[in-house]
Amino acid sequence: MSLAWKFLILLIASCQVAAAESVKFSLPETNKLISFTFQTKPGGNSSFRSFQVDSEGKHFNFTARNPIARIPANPDERRALGYWIDITGLKLNPSRYFLLGKYGTDADSHTLLFFISETEASDAAALLVIGFSTSGDPYKVLERNHLDVTSLKSTPDGAGLIVGKETLSQVMDGDGFNGSTKPYATTYDPFSVFIVHPDDKALYSLVISRSYNQKHYVWAGSHSREDYAVLYNLPAHHGVVGAPTSRVPALLAEPRNEAKP
């Protein structure tokens, strides 16, 4: 092998090593030190698909279906790229490779790590959730091609509820928008609720999803719909209102009367 080829191989190897970064943290449930090694793409792209987890001499390898993003440090850059990290129950790890959350009870809590993929226009980002067994071994809790997480909650019996939207709502009519006080209508995009128990994978719950949407949104089925609308800030109604899209113009044109109960 020529000297030039040896130099090229060494150069490629050094670039690959430089692209790998290790992150360590102590797992609260076991007080064990967990080490993550992320192999990001060379050339400045910080996304990755595969990573290794090391715990007490044991090695675990994970490969995500979709590229996972390292969340930008700059808040303005995060907003511009569509990364939302102010999620109830989750906190961004200082490494910015994942968000960390806990569920359970005060006496028996369980850690979940949320890895978020790069956002794509109006689509919800892909998601990978890693949990830990009673012995501290990592395992895949949930993986979805599209799920924008909005919260991680705990039930009274110590289970976890991962709440999010698989599709993002689009304004279809009206003068308002998210955060405004003017009336407007959006597509119907319900929340999905996944329930997770210790040492188990997260499963979608139709019953809990229906109940959650009825309390916090509207309910017209488990899938997004373009023939059904969700209306906000209607002067004659309290809260959000669900209706067929054919009724949207009439509802948005309602005069400002005393709010209906």
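Reference entry: report on the structure contained in this document. What you are looking at is a predicted structure, and each value in this text was computed from that prediction instead of being measured.

### A closer look at the side chain of serine 117
Then, number 1: Note that serine 117 resides in the loop between β7 (109-116) and β8 (127-132).
Then, number 2: Overall, the relative accessible area of 6% leaves serine 117 in the buried class.
Then, number 3: Of the polar contacts made by the side chain of serine 117, one reaches the backbone oxygen of proline 67; its length is 2.8 Å.

### Some thoughts on the pattern of salt bridges
Then, number 1: Summed over the entire model, instances satisfying the criterion amount to eight salt bridges.
Then, number 2: As a salt-bridge pair, arginine 144 and glutamate 166 come within 2.4 Å of each other at their nearest N and O atoms. Of this pair, arginine 144 sits in strand β9 (residues 138-144) while glutamate 166 sits in the loop between β11 (160-165) and β12 (171-174), placing them 22 residues apart in sequence.
Then, number 3: Residue glutamate 166 is classed as partly exposed on the basis of its relative accessible area of 27%.
Then, number 4: Among the charged side chains, a salt-bridge network with shared partners connects Arg65, Lys140 and Glu143.

### Here we look at the environment of valine 53
Then, number 1: As for its position among the elements, valine 53 is in strand β3 (residues 48-55).
Then, number 2: Exposure remark for valine 53: the relative accessible area of 0% places this residue in the buried category.
Then, number 3: Separated by 17 residues in sequence, valine 53 and phenylalanine 36 have C-alpha atoms that sit 4.7 Å apart.
Then, number 4: Among all residues touching valine 53, those that are not within four sequence positions of it are Ile34, Ser35, Phe36, Lys58, His59, Phe60, Phe62 and Pro138.

### A look at the nonpolar core
Then, number 1: Core analysis: the biggest nonpolar cluster contains 24 residues, and Leu112, Phe114, Leu127, Val141, Leu142, Val149 and Ile162 have the highest contact counts within it.
Then, number 2: When contributions to this core are tallied by element, the ones reaching two or more residues are β6 (99-104), β7, β8, β9, β10 (148-154) and β14 (191-196).
Then, number 3: Discounting residues that sit within four places of it in the chain, isoleucine 162 has contacts with Leu112, Phe114, Leu142, Val149, Ser151, Leu152, Ser192, Val193, Phe194 and Ala202.
Then, number 4: Phe60, Ile68, Tyr97 and Leu128 belong to the second largest nonpolar core, which has 20 residues in total.

Rules behind the numbers
Residues numbered from 1 in each chain as written. Predicted model: local features only at pLDDT ≥ 70, side-chain atom pairs only at ≥ 80, totals over all residues. Heavy atoms only, no water. Helix = DSSP H or I, 4+ residues; strand = E, 2+ residues; numbered from the N terminus. Buried < 20%, exposed > 50% of the residue type's maximum accessible area, 1.4 Å probe, protein only. Polar contact = N/O pair within 3.5 Å; in protein donor to acceptor, adjacent residues only side chain to side chain. Salt bridge = Lys/Arg side-chain N within 4 Å of Asp/Glu carboxyl O. Contact = heavy atoms within 4.5 Å. Core = buried A, V, L, I, M, F, W, Y, C linked by side-chain atoms within 4.5 Å.

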